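# Architecture and fold: a report
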Amino acid sequence: MSTVANTIFSPETAARFDKLVTIYPLKRSALVPMLLYAQDEIGYISDAVVTEIAQRIDLLELDVHNVLSYYSMLRTKPAGKYNVQVCTNISCMLRGGYEILDHCKHKLGIGHKETTKDGVFSLEEVECIGACCWAPAIQINYDFHDDLTPDKVDVLFQMYRDGQGKDVK
Amino acid sequence: MPDVKFTVDGKQLTAPAGTLLLEACKTAGIEIPAFCYYPGLSLQAACRMCVVRIEKMPKLQTACTTPVAEGMVVTSESPEIAQARKATLQLLLGNHPLDCPVCDAGGECELQDMTFKYGAADSFYAEPKNHREEQKWSPVVYFDRPRCILCYRCVRMCGEGMDVFALGIQNRGSSSVIAPNVPAQMSPDDLAHVDCEQCGMCIDACPVGALTSGTYRYKTRPWEMNHVSTICTHCGDGCKTTLGVRSTSDGSEIVRGDNRDKSGINNDFLCNKGRYAFDFANNEDRITQPLVRQPSGEMKPVSWEVAFDHVGKKFRELRDTRGGKSIGVIGSNRTTNEEAYLLQKFARTVLGTNNIDHHRTADYATFAHSLAGMTDRAASLKDTLTAPAIMILGGDPTIQAPATAWNIRTNVRNNRARLYIANASEIKLRRQAKAFAHIAPFSYGALASFIAGDDSAVDSLTHPGADAASFHNFRNAVRAEEQLLVLIGSDIRGGDLKRLLAFGTTMPNRKFALLSDYVNSRGAADMGLLPDLLPGHTTLAGNTTFAEYNAPSEPGLDMLEIFEAAGRGDLSALYVVGSNPVSRYGVDPSSLKNTFLVVQDMFLTETAALADVILPAANLYEKSGSVTNSYGDLQLVSKAGDRAGVRTDFEMIVRIADKMGANMRELIPFGKGPRGAGTHGDMGQSRGAHSGEADQHAVWLAANNMEPKLSPFDPFAILDEIQRLVPGYNLLRLQLLSGNDQHLQPAVSTANLVQISNRRDLVLPANDTLFTSGTLGRYSTMLSDLQHNESLRPPTGLTQIQTAAD
């Protein structure tokens, strides 16, 4: 049972949040994990998310916005169904990460932090995703795809379009 | 804390352990520059300007976060340090616009000063500047992002200092931005705004021109103004505000109010009214010519001579034919002590009446009489900053006395003072309180009794939210305090106040203060604008202090009785100085139809509209004299603005008295004393009861090769008399004249105390808020704008701003 009436989250997430608040010496320490879980569930950090999280840990909405805007992985607009994150840090860069990024931009017709009109894909240039050994790599939602070439990317996109991609949450 | 010894630039210094290096250096006269450091707020170490070299430490250290240590050896300036600071400045300037020639802060900018000092005018950074449009956060707060150097002073000032938390920091790195608490996407007009108390402290703290004030921005340059430190006319705290004035074709216009030198009783603080609400002085609607009602009923502008002649003649005629008792006088909470004193002296000695009153906003008579014969029982505003424990009974300092609230918050934050609050409302300061007793509505009388030890009174305090035990706990905690400062709101008065003080003064180390609403509410009462009390709360009966007055010994009519008398047709004349009783007390205009009404005011108020003669008055910012704040702190008022066509109330009272044929040298001790003629300063030899006593002001002036008072319009002539006669006003002249505050204790003689229980309770708290200030506030455009601004948004419950119109 959630401690917040009319929560916007699912019962599981709400229960998780109830617990999160209790496990830190300071309630506000639960802020970043909450934002991440909320983003996974809602898709982005909406104003309603901000309001409820602020209420849960006794912060002002302004405080939540302050933290939220600091982290580039937290977004305040909905992403596509599949959020394509292209790494351009050093290993990927040396192995053609920017080529992959440019290819994605061209292929999807969108830029950094943009979403395709049909809402299927969104694109982000991100810092190291920890797949240096198999660079260049991209992450689609929470699923990794590595050792890429532009051709392989095309195949991947088609796979996701056809609904055969993994939708890891 | 024990002192530690350390060395800075080869100089041996000592400071208490725990002192920050930056502060210790400042005390020793060594300047270490800093943008983000602000005394009293939390440490940030964001700007890296205060870096110094400390021996045995590997890198340059920030002096703002390093406490001094025994044997520390510090270099505060060296080529290495200068280079580090220069590099910091180059980074800051990398994104700072070059709009200094139009920027409000130009000439007063810490970034300019530092660039000048360290010569970072050339830069390695050729990147395009990250421009953003300026934002209007509220009618008084504007934000220019490009100018911001991200010192976060404003964020801490708003959160820690004001307990408002309206500002935050968003994004990161060079795209960080100060963000207000109403983001654009949640705002009705799609623009970001602040939902706050609009105090402007963020603007004050801003080292550059990133935050600018709506009243001042792009109006002038700092060096084109004259800066006059005077006392704010609004609430009873009496903060020092520095007014920037500029000559205009019809006088001198006030363009800015701020807390420029932070030398006043308010230290760092100034609220929105002190900062912005000076604009009534520039209001177009000001009356600038004397107006006399013609037989036809219309008001006709006349010359000053004609107006004074008319008033003097009528007053004399009515006094002689219908008696002084048929004349009423109403004084003001915003005139100087000298004017208030002169007005009551004029009433009592020239008009021959005790029918004098003012809008009483707190019961100072009871306060003074309850503390009669005691010393060190009345607190100063300064005590709120240092007292180890404070209890607030009634009132709401956050909105009624913002400097008091600021001091208390600072005291709680920096000194861990314990705050106890008992109030019928959940006032904002309870967030700082150690204990908050939420009493039932209208139970302040019971609260006074309960605090004073009457256990049976607790039943009136309880309500479903608070049981009797909570009040007992509260009282026990308060009584256990060894030292306590008690602030009393205007909710407690008369017998309740007397009971409370009678008990409180039996306890050791208790100090008291009574909070009131306007700058000279206390002064008006102290100066005897009361029908039953002479200056210094001296009783009429059995008084010898004011024997030279020959005033009527019967108490006169009070405020309400004056209007009742008018309604009966018994009031021949009413002289209103700087007050609007018709609106404040809801007087029926027709009751004054047979009364000769003279009003001295700035505007055509409800009272002035009924007048037979209106005399255009100067306001507190356009005169000199002294005022006494709620706590009894006396401060000097200096003339800042000027408006052609108006005169000070002091001059007008003198001229009317002159036209009535009064003995001017008895009314005002100027020149060479009552019967002397000539232009010598009165050295005191010729002054009635106190002949032979030296006139301290004249002695001081003579000693300093300055002119003694030669003019009857010099308020300091009356200050002499106040000092000579009024109990409690044994002031230090040099202290006053050098712009310092001094605390005065009430000193009523215990021989003749008034029967408090027999006095009518005529206290009418003004209930002004942050955005209202009695009748005067209505003529401040900025206050109207702020009220409108507040009305646009529903209260968030966050800052608890109330906008009840007065």
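Just so it is clear, the structure is predicted and the values come from calculations on it, not from any experiment. Counting restarts for each chain: residues are numbered from 1 in the order of the written sequence. The order in which chains are written sets their letters, starting at A; the order in which ligands are written sets their numbers, starting at 1. In keeping with the model being predicted, local features are shown solely for residues with a pLDDT of at least 70 and side-chain atom pairs are shown and tallied solely at 80 or more, while totals for entire chains, interfaces and linings include all residues.

## Considerations on the overall build of chain A
Across its full length, chain A holds seven helices and five strands. For helices the rule is a DSSP run of H or I covering at least 4 residues; for strands it is a run of E covering at least 2, with both sets numbered from the N terminus onward. Secondary structure elements of chain A occur, N-terminal to C-terminal, as α-α-α-α-β-α-α-β-β-β-β-α. The principal-axis extents of the C-alpha atoms in chain A amount to approximately 50 × 30 × 25 Å. Neighbour counting defines burial: a residue surrounded by 20 or more other C-beta atoms within 10 Å of its own C-beta is buried, one with 12 or fewer is exposed, and intermediate counts give partly exposed, using backbone-placed C-beta atoms. Taking all 169 residues of chain A together, the buried fraction comes to 28%. By definition, residue pairs are in contact when their C-beta atoms, positioned from the backbone, come within 7 Å. Residue pairs at least 24 apart in sequence account for 59% of intrachain contacts in chain A once pairs closer than 6 positions are excluded.

## What to know about the overall build of chain B
On a plain count of helices and strands, chain B comes out with 26 helices and 31 strands. Here chain B has a C-alpha radius of gyration of 28 Å; the compact-globule value for 806 residues is 28 Å, and the two agree. In terms of overall dimensions, chain B has C-alpha extents of about 90 × 65 × 60 Å along its principal axes. The proportion of buried residues among the 806 residues of chain B is 56%. A separation threshold of at least 6 residues defines the contact pool for chain B, and within that pool the share at least 24 residues apart is 68%. Values of the radius of gyration come from C-alpha atoms, whereas the globule rule sets the reference at 2.2 Å times the count of residues to the power 0.38.

## Examining the domain arrangement of chain B
Residues and elements named next belong to chain B. When its domains are assigned, chain B resolves into domain 1 (3-77), domain 2 (88-213) and domain 3 (364-515). Contact with domain 1, which involves 11 residues of that partner, is made by 14 residues of domain 2. Across the side of domain 1 that touches domain 2, the residue classes tally to eight nonpolar, two polar and one charged. By convention here, the domain bounds are inherited from an automatic or database domain assignment. Residue polarity follows a fixed list, in which Ala, Val, Leu, Ile, Met, Phe, Trp, Tyr, Cys and Pro are nonpolar, Asp, Glu, Lys and Arg are charged, and the others, Gly among them, are polar.

## Digging into the domain arrangement of chain A
Domain boundaries in chain A define domain 1 (11-70) and domain 2 (82-161). Domain 1 of chain A and domain 2 of chain A are separated by 29 Å when their C-alpha centres are compared.

## Quick notes on helix H18 (residues 559-568) of chain B
All names here are of chain B. For H18, the complete set of buried residues consists of Met559, Ile562, Phe563, Ala565 and Ala566. Viewed end-on, H18 has its buried residues packed into an arc of 155°, placing them on one side of the element. Elements that come into contact with the buried residues of H18 comprise strand S16 (327-330), strand S17 (356-357), strand S25 (573-577) and helix H19 (581-584). After H18 finishes, the residue Gly569 shows a positive phi value of roughly 85°. Starting at the helix axis, one direction is taken to each C-beta atom, and the arc is that of these directions.

## Digging into the interface of chain A and chain B
The interface is formed by eight residues belonging to chain A together with 11 residues belonging to chain B. With six residues, helix H4 (residues 61-70) of chain A is the largest single contributor of residues to the side of chain A that touches chain B. Of the residues belonging to the side of chain A that touches chain B, the class tally is three nonpolar, three polar and two charged.

## What about the nonpolar core?
One recurring pattern in soluble globular proteins is that nonpolar side chains are buried together. Judged by nonpolar contacts, the single largest core of 245 residues is most densely connected at Cys158(B) and Cys202(B). The element that contributes the greatest number of residues to this core is helix H8 (residues 337-351) of chain B, accounting for eight residues. Excluding residues that lie within four positions of it along the chain, Cys202(B) makes contacts with Val141(B), Cys154(B), Met157(B), Cys158(B), Leu167(B) and Leu211(B). The term nonpolar core means buried Ala, Val, Leu, Ile, Met, Phe, Trp, Tyr and Cys residues held together as one set by C-beta atoms within 7 Å. Ranked by size, the runner-up nonpolar core spans 18 residues in total, among them Ala135(A), Ala137(A), Leu148(A) and Phe157(A).

## A word on the confidence of the model for chain B
All names here are of chain B. pLDDT runs from 0 to 100 and stands for how confident the predictor is about each residue. A residue-level look at chain B finds 93% of positions with pLDDT of 70 or above and a mean pLDDT of 91. Overall, residues 673-692 carries pLDDT values under 50, and its contacts beyond four positions in sequence, including any with other chains, amount to 44 contacts. For this predicted complex, the interface confidence score (ipTM) comes to 0.85, while the overall pTM stands at 0.91.

## As for the sheet that holds strand S4 (residues 61-62) of chain B
Residues and elements named next belong to chain B. Paired strands are those between which DSSP finds at least two bridges. Strand order in the open sheet formed by five strands is S2-S1-S5-S3-S4, and the pairing between neighbours is mixed. Either end of the sheet is taken by a strand with one partner, and the two such strands are strand S2 (11-16) and S4. One ladder, built from two bridges, connects strand S3 (residues 51-54) with S4; its direction is antiparallel. Of the residues in S4, the one forming a bridge with Val52 is Gln61. For helices, the fitted axis covers only the stretch in contact; all axes are lines through C-alpha atoms, and the angles between them, taken along N-to-C directions, range from 0 to 180 degrees. Across the face of the sheet, helix H2 (residues 79-94) comes into contact with S3 and strand S5 (73-75) while running at roughly 155° to S3.

## A closer look at the packing of helix H3 (residues 47-56) of chain A against H4(A)
For any two helices packed against each other, the geometry is given by the interaxial angle and the distance between the axes. Residues and elements named next belong to chain A. The geometry of H3 relative to H4 is characterised by a closest axis approach of 8 Å and an angle of 115° between their N-to-C directions. Relative to H4, the element H3 lies roughly perpendicular. Handedness of the crossing formed by H3 with H4: right-handed. Across the interface between the two elements, Val50, Thr51, Ile53 and Ala54 from H3 touch Glu61, Val64 and His65 from H4. The residue inventory of the contact of H3 with H4, partitioned by class, reads four nonpolar, two polar and one charged. To sort the angles, those under 35 degrees are grouped as roughly parallel, those over 145 as roughly antiparallel, those from 65 to 115 as roughly perpendicular, and the leftovers as oblique. For a crossing to be left-handed, the near helix must be turned anticlockwise from the far one by less than a right angle; the clockwise case is right-handed.

## Observations regarding the environment of Gly251(B)
All names here are of chain B. Tracing the sequence through the fold places Gly251 in strand S13 (residues 251-258). Separated by 392 residues in the primary sequence, Gly251 and Arg643 place their C-alpha atoms 4.5 Å from one another. Not counting chain neighbours up to four residues away, the residues in contact with Gly251 comprise Gly641, Asp642, Arg643 and Ala644.

## Let's talk about the sheet that holds strand S6 (residues 135-136) of chain B
All names here are of chain B. Ordered by their spatial adjacency, three strands build an open sheet running S6-S7-S10, and the pairing between neighbours is antiparallel. Two strands lie at the open edges of the sheet, namely S6 and strand S10 (211-213), each paired on one side alone. Inspection of the sheet shows S6 paired to strand S7 (residues 141-143) by two bridges, in the antiparallel sense. Note on S7: the bridge partner recorded for Lys136 is Tyr142.

## Describing the environment of Leu43(B)
Residues and elements named next belong to chain B. You can see Leu43 is positioned in the loop between helix H1 (21-27) and S3. Its 15 C-beta neighbours within 10 Å are what place Leu43 among the partly exposed residues. Sequence separation between Leu43 and Leu371 is 328 residues; the distance between their C-alpha atoms is 43 Å.

## Concerning unusual backbone geometry
Excluding glycine, a negative phi dihedral is what most residues carry, and trans is how most peptide bonds are arranged. Omega for the peptide link from Ala135(A) to Pro136(A) comes to -5°, which places this bond in the cis form. Secondary-structure assignment places Pro136(A) in the loop between strand S3 (121-126) and strand S4 (138-140). Within the chain, Arg416(B) stands out as a residue other than glycine whose phi angle is a positive 55°. Along the chain, Arg416(B) turns up in the loop between helix H12 (402-415) and strand S19 (418-423). Given 9 C-beta atoms within a 10 Å radius, Arg416(B) is considered exposed. Residues other than glycine seldom take positive phi values, yet His537(B) does so here, at roughly 60°. By the element assignment, His537(B) lies in the loop between strand S23 (533-534) and strand S24 (538-539). Classification of His537(B) as buried rests on a count of 28 C-beta atoms within 10 Å.

## Re the environment of Ser516(B)
Residue and element names in this part refer to chain B. Among the secondary structure elements, Ser516 is positioned in the loop between strand S22 (510-514) and helix H17 (521-526). Judged by the 33 C-beta atoms lying within 10 Å of it, Ser516 falls in the buried class. Considering only alpha carbons, one finds Ser516 and Gly395, 121 residues apart in sequence, at a separation of 9.1 Å. When residues no more than four places from it in sequence are discounted, the contact partners of Ser516 are Gly236, Thr361, Ala362, Ser490, Ser521, Arg522 and Ser630.

## Overview of the pairing of strand S29 (residues 633-637) of chain B
Residue and element names in this part refer to chain B. Within S29, five of the five residues are buried, which leaves the element mostly enclosed by the surrounding structure. Sheet topology note: the strand S28 (residues 625-628)/S29 ladder contains four bridges and is antiparallel. Bridge pairing links Thr628 to Leu634 in S29. Here S28 hands over to S29 after four residues, with Gly632 in that stretch at a positive phi of 90°.

## A few points about helix H6 (residues 97-108) of chain A
All names here are of chain A. The span expected for a helix works out to 1.5 Å for each residue beyond the first. Taking 1.5 Å as the rise per residue, H6 with 12 residues should run 16 Å; its terminal C-alpha atoms sit 16 Å apart, in good agreement. Buried residues of H6: Gly97, Ile100, Leu101 and Cys104, and no others. Down the axis of H6, the smallest arc covering the buried residues is 100°, so these residues share one side. As for H6, its buried residues are in contact with strand S1 (82-87), helix H5 (90-94), S3, S4 and helix H7 (150-161). Gly109 sits one or two residues past H6 and shows a positive phi near 70°.

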